[in-house]
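# Reading the structure
Each chain, letter by letter, is given below.
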Amino acid sequence: MRREVRYGSELIGFEVTTNSILKDRIRIHVHPNCQVEVEAPPDTDEKELSAGVVKRGRWISKQLAQARSAKAHALPREYVSGETHFYIGRRYKLRVSETNEKPGTVTLKGGTIEVTLRTADKAAIRRRLSEWYFERANDYFERRMATVVSGFTWIEETPKFKLVTMKKQWGSCAPSGVIHLNPWLIRAPSDCIDYVIAHELCHLRERNHSPAYYKLLTRHCPDWQHRKAKLDGIAELILAE
Ligand SMILES: [Zn+2]
């Protein structure tokens, strides 16, 4: 639910997410999409939420200014050296170089994604990098699926998953029980990836987003609202091609 509070001359809008694991305290996040999230234990007093935002008003205001300016300077990707690219929640600098060897390679080195290609033009780099992301996504999601499913004692067999590029969705669960995952999710932080997997696994028992569904999801992932807000907050950044 959205709320507002006045801080000096500024009106700060914020979204409240509940997390039963938090005991007697709130956590404030400012996401790259300029959303302010207040994560709080269930049934936290309204006044306490607003007071918490006012108390950290200075910090929030500064974070918002930074997020706004970063958003304003966000340009479409050019696939040139020095550009920022995401991988499992981390920012990497792209480094492009040309080689006579075939095939081209992609390697992670420290904070760099190094792409070496015969013809290092934009389309070729983009294509090779996408292939690399898809391979990594397959590998990483398979491992995360195995880990996340181990907490779902009512699931007997680890479901199969398929990478499916989707414009606005991170995942879906087919009636056959096959889970579709958006390969670009590999750019998101690992807790967000686990959340999407848990979200789809819960659909194996509850098809629709009913109260029973959310009860199940909360049981398996108590801070799913925060993870969702975090993922929404970076969606634009990590879906940009
Ligand atoms: Zn769903």
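The shown structure was predicted, so the numbers you read here are calculated from the model rather than taken from an experiment. (Residues numbered from 1 in each chain as written. Predicted model: local features only at pLDDT ≥ 70, side-chain atom pairs only at ≥ 80, totals over all residues. Heavy atoms only, no water.)

### Observations concerning the pattern of salt bridges
A complete count under the given rule lists 12 salt bridges for this structure. Linking Glu46 and Arg3 is a salt bridge whose minimum nitrogen-to-oxygen distance equals 2.8 Å. Here the residue Glu46 occupies a position in helix H1 (residues 46–55), and Arg3 occupies one in strand S1 (residues 2–7), the gap between them amounting to 43 residues. For Arg3, a relative accessible area of 17% puts it in the buried group. For Arg144, the salt bridge identified is with Asp194, shortest N-O distance 2.8 Å. Within this pair, whereas Arg144 is found in helix H3 (residues 122–149), its partner Asp194 is found in helix H4 (residues 190–202), the two being separated by 50 residues in sequence. On the accessibility criterion, Arg144 (21% relative accessible area) is partly exposed. Using a relative accessible area of 14% as the deciding quantity, one classes Asp194 as buried. (Salt bridge = Lys/Arg side-chain N within 4 Å of Asp/Glu carboxyl O. Helix = DSSP H or I, 4+ residues; strand = E, 2+ residues; numbered from the N terminus. Buried < 20%, exposed > 50% of the residue type's maximum accessible area, 1.4 Å probe, protein only.)

### Examining the packing of aromatic side chains
Applying the stated criterion across every chain, the model contains 10 aromatic pairs. Within the aromatic cluster, the residues linked to one another by ring pairs are Tyr87, Tyr92, Trp132, Tyr133, Phe134 and Trp184. Note that Arg56 overlies the ring of Trp59, its terminal NZ or CZ placed 4.3 Å from the centroid. Lying across the ring of Trp154, Arg205 places its NZ or CZ 4.3 Å from the centre. (Phe/Tyr/Trp six-rings, centres within 6.5 Å; stacked < 30°, edge-to-face > 60°. Lys NZ or Arg CZ within 6 Å of the ring centre and 35° of its normal.)

### A short note on the packing of H4 against helix H5 (residues 211–220)
H5 packs onto H4 with a crossing angle of 140 degrees between their chain directions and a minimal axis gap of 10 Å. Taken together, the axes of H4 and H5 are oblique relative to one another. Note on packing geometry: the crossing formed by H4 with H5 is right-handed. Taken together, the residues of H5 that come into contact with H4 (itself represented by Tyr195, Ala198, His199 and Cys202) are Tyr213, Leu216, Leu217 and His220. Residues belonging to the contact of H4 with H5 are distributed by class as follows: 6 nonpolar, 2 polar and no charged. (Axes fitted to C-alpha atoms, helices over the stretch in contact; angles between N-to-C directions. Parallel < 35°, antiparallel > 145°, perpendicular 65-115°, else oblique. Left-handed = near helix turned anticlockwise from the far one by under 90°. Contact = heavy atoms within 4.5 Å. Nonpolar A, V, L, I, M, F, W, Y, C, P; charged D, E, K, R; others polar.)

### Focus: the coordination of the zinc ion
His199 (NE2), His203 (NE2) and His209 (NE2) make up the full set of protein donors to the zinc ion, lying at 2.0 to 2.1 Å. A relative accessible area of 7% means that His203 is categorised as buried. (Donors = N, O, S within 2.8 Å, 3.2 Å for Na, K, Ca; no water.)

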